[in-house]
Number of protein chains: 4
Amino acid sequence: MGVEKLGVMTSGGDSPGMNAAIRAVVHTAAQYEIQCFGIRLGYKGLIEGDVLELETKDVRNILHRGGTFLKTARSDKFRTFEGRKKAYENIQKYKMEGLIIIGGDGSFTGAKVFGSEYDIPIIGIPGTIDNDIYGTDFTVGYDTALNTVVNVIDKIVDTATSHNRLFFIEVMGRDSGFIALNSGIATGALDILIPEKDYTLDKLFSSVERGSNQGKSSRIIVVAEGKKLGRVYALAKATQIKFPYYDIRVSILGHVQRGGNPSCYDRVLASRFGVEAVEALLHGKREVLIGIRSGKIIFTTFEEAIQKQKEINKDIIKILDVISV
Amino acid sequence: MGVEKLGVMTSGGDSPGMNAAIRAVVHTAAQYEIQCFGIRLGYKGLIEGDVLELETKDVRNILHRGGTFLKTARSDKFRTFEGRKKAYENIQKYKMEGLIIIGGDGSFTGAKVFGSEYDIPIIGIPGTIDNDIYGTDFTVGYDTALNTVVNVIDKIVDTATSHNRLFFIEVMGRDSGFIALNSGIATGALDILIPEKDYTLDKLFSSVERGSNQGKSSRIIVVAEGKKLGRVYALAKATQIKFPYYDIRVSILGHVQRGGNPSCYDRVLASRFGVEAVEALLHGKREVLIGIRSGKIIFTTFEEAIQKQKEINKDIIKILDVISV
Amino acid sequence: MGVEKLGVMTSGGDSPGMNAAIRAVVHTAAQYEIQCFGIRLGYKGLIEGDVLELETKDVRNILHRGGTFLKTARSDKFRTFEGRKKAYENIQKYKMEGLIIIGGDGSFTGAKVFGSEYDIPIIGIPGTIDNDIYGTDFTVGYDTALNTVVNVIDKIVDTATSHNRLFFIEVMGRDSGFIALNSGIATGALDILIPEKDYTLDKLFSSVERGSNQGKSSRIIVVAEGKKLGRVYALAKATQIKFPYYDIRVSILGHVQRGGNPSCYDRVLASRFGVEAVEALLHGKREVLIGIRSGKIIFTTFEEAIQKQKEINKDIIKILDVISV
Amino acid sequence: MGVEKLGVMTSGGDSPGMNAAIRAVVHTAAQYEIQCFGIRLGYKGLIEGDVLELETKDVRNILHRGGTFLKTARSDKFRTFEGRKKAYENIQKYKMEGLIIIGGDGSFTGAKVFGSEYDIPIIGIPGTIDNDIYGTDFTVGYDTALNTVVNVIDKIVDTATSHNRLFFIEVMGRDSGFIALNSGIATGALDILIPEKDYTLDKLFSSVERGSNQGKSSRIIVVAEGKKLGRVYALAKATQIKFPYYDIRVSILGHVQRGGNPSCYDRVLASRFGVEAVEALLHGKREVLIGIRSGKIIFTTFEEAIQKQKEINKDIIKILDVISV
C-alpha cells in the first residue's frame with residue numbers, strides 16, 4: 001500500500017535458506033515495482049550505511065546456497081540509542097518504508113526496540129538452525145541442520161559400530177533441544193540430553209547399561225550444548241569412571257551444523273516467508289514475525305514472540321523412551 | 001488392551017522411512033511384551049504365509065536405510081475373495097490380533113475391504129513418496145524424495161547453466177503435484193506443470209520466454225508425470241517447435257526418487273507413526289489411518305481417507321507466479 | 001618466458017572441476033603477473049569476441065562449484081577456415097600469447113588444426129566425465145561423475161531390493177566404458193555392458209540367471225550408452241521375453257551425471273592442471289595436452305592424444321567376473 | 001595352489017571400503033572353492049577364537065557400507081608371545097592356510113612378527129584413511145575421507161563467509177599430511193599445516209594477512225592433527241593475539257572422518273585388492289602388502305612397507321603457494 005522502497009537484511013547467526021528468503025523478497029518487490037535495498041552485515045551494516053540495491057539479477061543462483069550473501073553480524077552499537085539513531089538515519093537516507101529482518105530472537109528484540117523508537121514498519125522472518133522461536137512451527141535452516149547432524153552422526157555410527165565404542169555427541173541448541181531430540185531419535189540414540197528434560201547421571205548410566213545389555217554395538221548419546229559449553233566432556237568422564245571397560249569418545253559437531261545447501265523444505269519455507277513478508281508490509285503489517293503453523297502462514301507480534309517460549313514436542317520426548325530401548 | 005500378537009507389513013510402492021516405521025513397531029511391541037510378526041512382500045506374503053517373528057535385534061541398523069527390509073509387492077490375488085480368505089487363515093494361524101500396514105492409498109483400500117470381511121483390527125501408516133494421502137500433512141518418504149529430487153535438479157542446473165540449455169524435468173506424482181510443486185519452487189523453475197493446475201501451451205511458452213528475456217541462464221520446467229507417462233516429451237517437442245533456436249533437453253528422474261537414506265524428518269515421523277500405531281491397537285482403534293497435523297498425531301478412518309482427496313497447498317502455487325519471474 | 005597475456009576457455013561438454021581449473025589458471029597467471037582473459041562459450045565465444053578479463057577476485061567461491069562459469073558450447077563455425085580466422089583475429093585483438101583449453105577430444109582436435117594454421121601456443125587440459133582421453137590416467141570430472149552415478153545407483157538398489165526387481169541402468173560413455181565398468185563394480189552389478197567388451201544376449205541371460213539362482217534380491221545391469229542411444233531398452237525387452245516372470249525396469253541416468261560439486265580428487269587434479277598449464281606456456285610448451293600418470297604431471301602432443309585410444313583397465317574387467325558371482 | 005581354507009580380518013582403525021574388501025575376498029574364495037573364515041575384532045578375535053564362516057550370502061548388501069562388519073580393535077595381547085601363540089592355535093584349529101589382514105601400519109608390523117614366528121602366509125591390504133602406507137599410491141578409505149572432509153569444510157566455509165570469520169580446522173593425520181594437504185587445496189585454504197612441511201608462526205601470520213588484504217571473505221587454515229592433539233587451539237590463540245580484531249574459530253572434525261559410505265574409487269580399489277589378495281595366496285605369495293601404482297597392482301614386503309616412509313607429493317605442496325594467494 002504505497003511502499004516504494006524497502007530494505008532487507010540478515011542478522012545474528014546465519015542459517016541455510018537465508019539466501020532463498022532474500023531472493024524471494026527481491027523477486028516479490030520487483031513484482032510490485034518496489035525498489036529493494038540489501039543491507040549487509042545486519043544492524044552493523046544499517047548503522048554504517050553498508051547498503052546496496054538488489055535487483056532480481058543480483059539474486060540469481062543463490063536459492064540453493066548455504067549462508068547469506070548479505071552476510072550477517074552481531075552489533076553491540078545497535079544496543080545503544082546512538083547506534084539506532086544512525087541506523088534510522090540510513091533508513092531515511094535511502095527512503096526505506098519498510099524493513100525485513102531475517103534472524104533469530106536477539107534480532108527481533110532489537111527490532112522491537114527500534115520499531116518503538118522510530119517510525120519504520122518491520123517484518124521478521126525467523127531464520128535460525130535452533131528452531132527456538134515462538135510463533136512458528138519451523139524456522140528457516142532448522143530442517144537443513146537436522147539433516148546435516150543426522151548425516152554426520154550416521155558416519156560416526158559407522159565407526160562406533162566397528163569399534164564397539166560409546167560416543168557422546170554434542171549438537172547445537174543453547175536453550176532448546178530441538179536439534180538434539182530429533183537427531184537423536186533419527187539416529188537411534190540410547191539417550192538424549194536436552195534442556196527441556198531433567199536428567200540425572202543415574203538415569204544416563206541406566207540408558208548406557210541397557211544399551212549394553214541388549215548387545216547394541218552402536219551406542220550414541222546425543223547432548224544439546226546447553227549454556228555451559230563442554231559439559232559433554234564432564235558427562236563422558238563420569239560415564240567412563242562408572243564403566244571403566246567401555247571405550248568412550250566425545251564428538252562436538254560445531255560449525256558444520258550451520259552450513260550446507262538448504263533442504264527442499266527450507267528453500268520452500270524461506271521462499272514463502274519472503275513473499276509473504278513483502279505482502280505483509282504492503283498490507284500495513286508491522287512489528288510482527290511471520291511464521292508457519294500446519295502449513296499456513298501466521299503472524300505474531302514481536303512482543304509475544306519474544307516473551308513466550310516455544311515448547312518442544314512432548315510426544316517426541318515420550319517416544320524416545322519407547323524406541324531407544 | 002490384551003493384544004498379544006500383531007503383524008506388520010509394507011505394501012505398494014516402497015518409500016524411505018518404511019524401515020524406521022517397522023523398527024518403531026517392533027520396539028513398541030517389545031515394550032508392551034507383544035509378540036511381533038513381520039509379513040514379507042505385503043498382502044502377497046500374507047496370503048502365502050511369508051511370515052517371520054521380529055525381535056528388536058532383528059531391526060538393528062535399519063533406521064537409516066532406504067527401502068523396506070520386509071520387501072513390498074502388489075498383489076492381484078488380494079483383490080479376490082479367495083486371496084483374502086487365505087490371508088485371514090494366516091492371520092489366524094499366527095494368532096495375530098492386530099495388523100499394521102505401511103503403504104499408500106491402494107493398500108488402505110485393500111485393508112478396508114479386508115477389515116469389513118474379517119475380524120482383524122488394522123491400523124494404517126501412510127508411506128509413499130507422493131504425499132497424496134488424505135488424513136495427514138506428510139507421508140513417510142515424501143520429505144526424503146523432495147530432497148533427492150532437489151539434489152538431482154541442482155546437478156542438472158549446473159550443466160544447464162554451463163550450456164544455456166532449457167530442461168524439461170519429469171518427476172514422480174501420478175495424481176498429485178506435491179513433489180513437482182515443491183521441488184520446482186526449491187530449484188527456481190520457470191514453470192511447474194502439475195495435475196492440480198490448468199496449463200496451456202501458451203502459458204508454458206510465455207514462462208519460457210520470460211525466463212529468456214531476463215537473461216536467466218538456467219531454465220528448468222518441472223513436470224509431474226501425470227497419468228500419461230512421457231508427456232514431458234510432447235511438451236518439450238512443442239516448445240522446441242515454438243523456439244527453434246533453444247537447446248532443449250528432457251530428463252526423467254525415475255526410480256532414484258524412491259531410494260536413499262531417509263531424511264531426519266522422515267525418520268522421526270516414521271518412528272512416531274510406528275509407536276502410535278501399536279498404541280492405537282492397544283486402545284482398541286481399528287480401520288484407521290494414522291496421520292500428522294501441525295505436529296500432532298491424528299486418526300482418520302480408512303473410509304474417509306480413501307474417499308477424500310488431499311488438496312495441494314494453494315499458497316505455494318500462488319507464490320510460484322511471484323518467485324519464478 | 002615473456003608471456004604477458006593469455007586466454008582460458010572451456011569447450012565441449014561441461015564437467016565438474018572445470019571451475020577449479022579456471023581458478024588455478026587465473027591465480028597462477030596473477031602470480032606471474034600475466035593478464036588473463038576468460039573466453040566464454042568456448043570456440044564460439046572466441047569467434048564472437050565474448051572475452052572478459054579475469055582477476056583473482058573474479059574466481060572467488062567457484063572452486064567447489066559444478067559446471068563452468070565461463071560456459072561452454074560446441075561450435076560448427078570453428079570447423080570452417082573462416083571461423084578460425086575470426087577466432088585468431090580476436091586472439092590478436094587481445095594480444096593473447098597463449099591459450100589454455102579445458103575440454104575433451106573434439107576440443108583438442110580443433111586446437112590442433114588451429115595451432116597448425118596460426119601462431120598461438122595452446123595447452124589442453126582434459127576435462128570430461130567420460131575419462132576417454134589418451135595421455136592421462138584421469139580427466140577432470142570423471143571421479144565426480146563416478147560418485148554421482150554410484151550414489152544414484154545405490155538409491156535405485158534400495159527400491160530394487162524392496163521389490164525384487166531387475167534394473168537395467170544406462171550411464172554415460174559413448175565410446176568408452178570407464179563410468180559403466182567402475183560404477184558397476186562399485187554397486188555390485190550382475191553384469192556390465194561396455195563398448196570395450198564383447199557381449200552376447202546369451203552371456204547377459206546367464207548373468208541374470210546366476211544372480212537369480214543365488215537369491216540376490218538386488219539385480220542391476222549397468223550399460224554404457226554407446227553409440228546408439230536407447231539400446232538399453234532393447235536389452236531389457238529381450239531379457240523380459242526370456243524371463244517373463246521377472247519384474248524388469250529401465251533407468252537412464254542422463255544429465256545428472258554431468259553436474260554436482262566436484263569431488264576432492266577432481267578439485268585437486270583440476271588445480272594442478274591449471275597451475276601446470278600456465279607454467280607449461282611459460283616454458284614454451286605448445287600443442288600439448290597435460291595429463292597425470294601415477295601422480296606425476298605429463299605432457300602428450302595433441303597429435304598423439306587424438307590418434308591413440310585410451311585403454312580401459314583390463315584388470316578391472318577381469319575382476320568383474322569374479323566378484324559379480 | 002592348494003589353499004583350502006583362509007581367514008580374513010580387519011585390524012586397527014576402521015576405514016570406509018573395508019567391507020568391500022572383505023566381500024571381494026569372500027567372493028573370490030568362493031570362486032576357487034576355498035572355505036573362508038571371518039575373524040572378528042582383528043588380532044583380538046584371532047586370539048579369542050571369535051571366528052565365523054563367511055559365504056557369499058553373508059556379504060550381501062555390505063559393498064556400499066562404511067565401517068567393517070567384522071569389527072576391528074587394537075590388541076595389546078598380540079604384542080606378547082603368549083598372545084600370538086593363542087592366535088596361531090586358532091589358525092590351526094580352523095586349518096587356515098592363509099590370512100588376509102586389512103589394516104594399517106601397526107597391523108602389518110604385527111603381521112610381520114607373527115609371520116616370522118609361525119608358518120602362516122599373510123597378505124596385507126592397506127586400509128586406513130590416512131594414506132600413510134608405503135607401497136601403494138592409495139589406501140582403502142582415503143578417498144572417501146577426503147570427500148567427507150571437503151564436504152564438511154565446504155559447509156564451514158558457508159558460515160565462515162557469512163560472518164567474515166577465520167577458521168582453523170583440524171583434520172586427521174598423525175604422521176602425515178595427506179588429508180590436510182589435499183582437502184586444503186580442494187577448499188581454497190589460505191594455508192595448510194602438515195608434518196611434512198616446516199612452518200613458523202610468522203609464515204602463518206603472513207598467509208592470514210595476505211588473505212585479508214585480498215578481501216577474501218572465507219579464510220580457512222587446515223591443520224593436520226599431528227602428534228600433539230589440540231595444537232590447533234594454540235595456533236588459533238597465537239593468531240588471535242596477533243590479529244585481535246579478527247573473529248577466529250576452531251573446528252576439530254573428529255571421528256566423522258572415518259565413517260560414511262565409501263566413494264566409488266574406494267569400492268573399486270577395495271574390490272581389486274580383495275580379489276588380488278586371494279590370488280596372491282594361491283600363487284604362494286606371503287608377507288607382502290598389496291598396493292596400487294598407476295592403476296596396476298603391486299606387492300611390497302611387509303619389511304619394506306614398514307621401514308620406508310611414504311612421501312607426500314611435493315608437486316601438490318608447491319601449487320599450494322601459487323593457488324592460495
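Residues numbered from 1 in each chain as written. Chains lettered and ligands numbered in written order. Predicted model: local features only at pLDDT ≥ 70, side-chain atom pairs only at ≥ 80, totals over all residues. Heavy atoms only, no water.

**A few points about the pattern of salt bridges**
Part 1 of the argument: Tallied over the entire structure, the rule returns 72 salt bridges over all chains.
Part 2 of the argument: Here C:Arg165 makes a salt bridge to C:Asp247, at a shortest N to O gap of 2.8 Å. Taken together, the residues C:Arg165 in the loop between α5 (142-163) and β6 (166-171) and C:Asp247 in the loop between α8 (231-242) and β9 (248-252) connect sequence positions 82 residues apart.
Part 3 of the argument: In the salt-bridge network here, residues are joined through shared partners; they are A:Arg165, A:Asp247 and A:Arg249. (Salt bridge = Lys/Arg side-chain N within 4 Å of Asp/Glu carboxyl O. Helix = DSSP H or I, 4+ residues; strand = E, 2+ residues; numbered from the N terminus.)

**Quick word on the domain arrangement of chain A**
All names here are of chain A.
Part 1 of the argument: Per the domain assignment, the segments of chain A are domain 1 (5-141 + 262-307) and domain 2 (142-258).
Part 2 of the argument: Averaged C-alpha coordinates put domain 1 and domain 2 at centres separated by 34 Å.
Part 3 of the argument: Contacts between the two partners involve 17 residues from domain 1 and, on the opposite side, 12 residues from domain 2.
Part 4 of the argument: Approximately 1,100 Å² of surface area, both sides summed, lies buried where domain 1 meets domain 2, with 51% of it carried by carbon and sulfur atoms.
Part 5 of the argument: In this assembly, domain 1 and domain 2 are joined by 0 salt bridges. (Domains from an automatic or database assignment. Contact = heavy atoms within 4.5 Å. Buried area = accessible area lost by both parts, 1.4 Å probe.)

**Structural notes on the packing of helix α1 (residues 18-31) of chain A against helix α9 (residues 264-282) of chain A**
All names here are of chain A.
Part 1 of the argument: At a minimum axis separation of 7 Å, α1 and α9 run at an interaxial angle of 40°. Pair α1 / α9 crosses with right-handed handedness. Residues Ala-20, Ala-21, Ala-24, Val-25, Thr-28 and Ala-29 of α1 form the contact with α9, whose participating residues are Arg-267, Ala-270, Ser-271, Gly-274, Val-275, Val-278 and Glu-279. (Axes fitted to C-alpha atoms, helices over the stretch in contact; angles between N-to-C directions. Left-handed = near helix turned anticlockwise from the far one by under 90°.)

**Section: the relation of the copies chain A and chain B**
Part 1 of the argument: Overlaying chain A on chain B yields an RMSD of 0.0 Å, the required transformation being a rotation through 180° with an accompanying axial translation of 0.0 Å. Accordingly, the operation relating the two chain copies is best matched by a two-fold axis. Residues of chain A ranked by C-alpha distance from the rotation axis are headed by A:Ser294, positioned 2.1 Å from it. (Least-squares fit on C-alpha atoms with pLDDT ≥ 70 in both.)

**A closer look at the packing of α5(C) against helix α9 (residues 264-282) of chain D**
Part 1 of the argument: Viewed as axis vectors pointing N to C, α5(C) and α9(D) meet at an angle of 85°, and their least axial separation amounts to 8 Å. Of the possible angle classes, the one that applies to α5(C) and α9(D) is roughly perpendicular. Facing C:Asp143, C:Leu146, C:Asn147, C:Val150 and C:Asp154 of α5(C), the residues of α9(D) in contact are D:Cys264, D:Tyr265 and D:Arg267.
Part 2 of the argument: For the contact of α5(C) with α9(D), the per-class residue count stands at 4 nonpolar, 1 polar and 3 charged. (Parallel < 35°, antiparallel > 145°, perpendicular 65-115°, else oblique. Nonpolar A, V, L, I, M, F, W, Y, C, P; charged D, E, K, R; others polar.)

**Quick notes on the sheet that holds strand β5 (residues 122-126) of chain B**
All names here are of chain B.
Part 1 of the argument: A sheet is described by the order of its strands in space; here 7 strands give the open sequence β3-β2-β1-β4-β5-β10-β11, paired in mixed fashion. The sheet terminates laterally at β3 (51-53) and β11 (296-301), the two strands that pair on one side only. Averaged over all neighbouring strand pairs, the angle between strand axes comes to 30°, with direction disregarded.
Part 2 of the argument: Pairing of strand β2 (residues 35-39) with β3, which is carried by 3 bridges, proceeds in the antiparallel orientation. Note on β3: the bridge partner recorded for Gly-38 is Leu-52. (Pairing = 2+ DSSP bridges.)

**Looking at α9(D)**
All names here are of chain D.
Part 1 of the argument: In this model α9 runs 28 Å from its N-terminal to its C-terminal C-alpha over 19 residues, within 8% of the 27 Å that 1.5 Å per residue would give.
Part 2 of the argument: Judged by how many residues are buried, α9 sits mostly within the fold: 18 of 19 residues are covered.
Part 3 of the argument: Gly-284 sits one or two positions beyond α9 and adopts a positive phi of about 85°. (Expected span 1.5 Å × (residues − 1). Buried < 20%, exposed > 50% of the residue type's maximum accessible area, 1.4 Å probe, protein only.)

**Quick look at the side chain of C:Arg258**
Part 1 of the argument: Looking at the secondary structure, you find C:Arg258 in the loop between β9 and α9 (264-282).
Part 2 of the argument: One buried charge, C:Arg258, has no salt-bridge partner; the nearest side chain with opposite charge is C:Asp14, at 4.3 Å.
Part 3 of the argument: Within the structure, C:Arg258 has its side chain in polar contact with the backbone oxygen of C:Asp14 (distance 3.3 Å).
Part 4 of the argument: Non-local contacts of C:Arg258, meaning those with residues more than four positions away in its chain, are made with B:Thr159, C:Gly13, C:Asp14, C:Ser15, C:Pro16, C:Ile129 and C:Met172. (Lys, Arg positive; Asp, Glu negative; His and termini not counted. Polar contact = N/O pair within 3.5 Å; in protein donor to acceptor, adjacent residues only side chain to side chain.)

**Thoughts on the interface of chain A and chain D**
Part 1 of the argument: Contact with chain A, which involves 30 residues of that partner, is made by 30 residues of chain D.
Part 2 of the argument: Across the interface of chain A and chain D, roughly 2,300 Å² is buried in total on both sides, 52% from carbon and sulfur atoms.
Part 3 of the argument: Per-residue buried area on chain A facing chain D is highest for A:Lys155, A:Ser162 and A:His255; these three make up 26% of the total on that side.
Part 4 of the argument: Applying the counting rule to chain A against chain D returns 14 residue pairs in polar contact (both at pLDDT 80 or more).
Part 5 of the argument: Among the elements of the structure, α5 (142-163) and β9 (248-252) of chain A are those that each provide at least two residues to the side of chain A that touches chain D.
Part 6 of the argument: The element contributing the most residues to the side of chain A that touches chain D is α5(A), with 9 residues.

**Side note on the pairing of strand β2 (residues 35-39) of chain A**
In the case of a regular strand, side chains alternate between the two sheet surfaces.
Residues and elements named next belong to chain A.
Part 1 of the argument: Of all 5 residues that make up β2, 4 are buried, and the element is covered over most of its length.
Part 2 of the argument: Of the pairings in the sheet, the one linking strand β1 (residues 5-10) to β2 comprises 5 bridges and is parallel in character. Paired with Met-9 across the strands is Ile-39, a residue of β2.
Part 3 of the argument: In this view, the connection linking β1 to its parallel neighbour β2 by way of α1 has right-handed handedness. (Right-handed = clockwise from strand over helix to strand, strands pointing away.)

**Topic: the packing of aromatic side chains**
Residues and elements named next belong to chain C.
Part 1 of the argument: One pass over the structure, following the stated rule, counts 48 aromatic pairs over all chains.
Part 2 of the argument: Considering the side-chain rings of Tyr-88 and Tyr-118, the 4.5 Å spacing of their centres and the 15° angle between planes classify their relative orientation as stacked. Here Tyr-118 lies in the loop between α4 (105-117) and β5 (122-126) and Tyr-88 lies in helix α3 (residues 81-93), a separation of 30 residues in the sequence.
Part 3 of the argument: Judged by its relative accessible area of 17%, Tyr-88 falls in the buried class.
Part 4 of the argument: For the ring pair Phe-108 and Phe-302, a centre distance of 5.6 Å and an interplane angle of 10° mean the geometry is stacked. Within this pair, whereas Phe-108 is found in helix α4, its partner Phe-302 is found in helix α10 (residues 302-307), the two being separated by 194 residues in sequence. (Phe/Tyr/Trp six-rings, centres within 6.5 Å; stacked < 30°, edge-to-face > 60°.)

**Some words on the interface of chain A and chain B**
It is common to give the size of an interface as the accessible area that goes away when the parts come together.
Part 1 of the argument: Every contact between the two is made by 47 residues of chain A and, on the other side, 47 residues of chain B.
Part 2 of the argument: Summed over both partners, the interface of chain A with chain B comes to about 4,000 Å²; 53% of that surface belongs to carbon and sulfur atoms.
Part 3 of the argument: Where chain A packs against chain B, one counts 8 salt bridges.
Part 4 of the argument: Put simply, B:Lys318 and A:Glu276 hold a salt bridge, and the shortest N to O gap is 3.7 Å.
Part 5 of the argument: Counting across the chain A and chain B interface gives 12 residue pairs in polar contact (both at pLDDT 80 or more).
Part 6 of the argument: Of all the secondary-structure elements, those providing two or more residues to the side of chain A that touches chain B are α1, α5, α6 (178-186), α9 and α11 (314-323) of chain A.
Part 7 of the argument: With 9 residues, the top contributor of residues to the side of chain A that touches chain B is α9(A).
Part 8 of the argument: Residue classes in the side of chain A that touches chain B are distributed as 16 nonpolar, 16 polar and 15 charged.

**Quick word on the relation of the copies chain A and chain D**
Part 1 of the argument: Of the transformation superimposing chain A on chain D, the axial component is 0.0 Å and the angular component is 180°, with the fit at an RMSD of 0.0 Å.
Part 2 of the argument: Of all interface residues in chain A, 100% are interface residues in chain D too; the two copies therefore contact each other through one and the same surface.

**Describing the environment of D:Tyr88**
Part 1 of the argument: Expressed as a C-alpha distance, the spacing of D:Tyr88 and D:Gln214, which sit 126 residues apart in the sequence, is 62 Å.
Part 2 of the argument: Beyond its immediate sequence surroundings of up to four residues, D:Tyr88 is in contact with D:Phe114, D:Tyr118, D:Asp119 and D:Ile120.

**Overview of the pairing of β11(B)**
All names here are of chain B.
Part 1 of the argument: Relative to β11, strand β10 (residues 288-293) runs antiparallel, the two being bridged by 6 bridges. Residue pairing across strands places Ile-292 opposite Ile-297, the latter belonging to β11.
Part 2 of the argument: Linking β10 to β11, which pair antiparallel, is a turn of 2 residues; within it Ser-294 sits at a positive phi near 50°.

**What to know about the sheet that holds strand β2 (residues 35-39) of chain C**
Residues and elements named next belong to chain C.
Part 1 of the argument: Across the sheet, 7 strands lie side by side as β3-β2-β1-β4-β5-β10-β11; this open sheet has mixed pairing. Each edge of the open sheet carries a strand with a single partner, namely β3 (51-53) and β11 (296-301). Put simply, the sheet's adjacent strands are angled 30° from each other on average, direction ignored.

**Overview of the state of the cysteines**
Part 1 of the argument: Applying the stated criterion to the full structure yields 0 disulfides over all chains.
Part 2 of the argument: Summary of cysteine pairing: A:Cys264 is not part of a disulfide, and the nearest cysteine sulfur, belonging to B:Cys264, is at 16 Å. (Disulfide = S-S within 2.5 Å.)

**Considering unusual backbone geometry**
With the exception of glycine, most residues fall at negative phi, and the peptide bonds are largely trans.
Part 1 of the argument: In the Ramachandran plot, A:Asn164 falls in the positive-phi region, its phi being about 55° despite a non-glycine side chain.
Part 2 of the argument: Turning to its location among the elements, A:Asn164 is positioned in the loop between α5 and β6 (166-171).
Part 3 of the argument: A relative accessible area of 29% means that A:Asn164 is categorised as partly exposed.
Part 4 of the argument: Of note, B:Lys71 is a non-glycine position whose phi angle comes to about 60°, a positive value.
Part 5 of the argument: Structurally, B:Lys71 can be placed in the loop between β3 and α3 (81-93).

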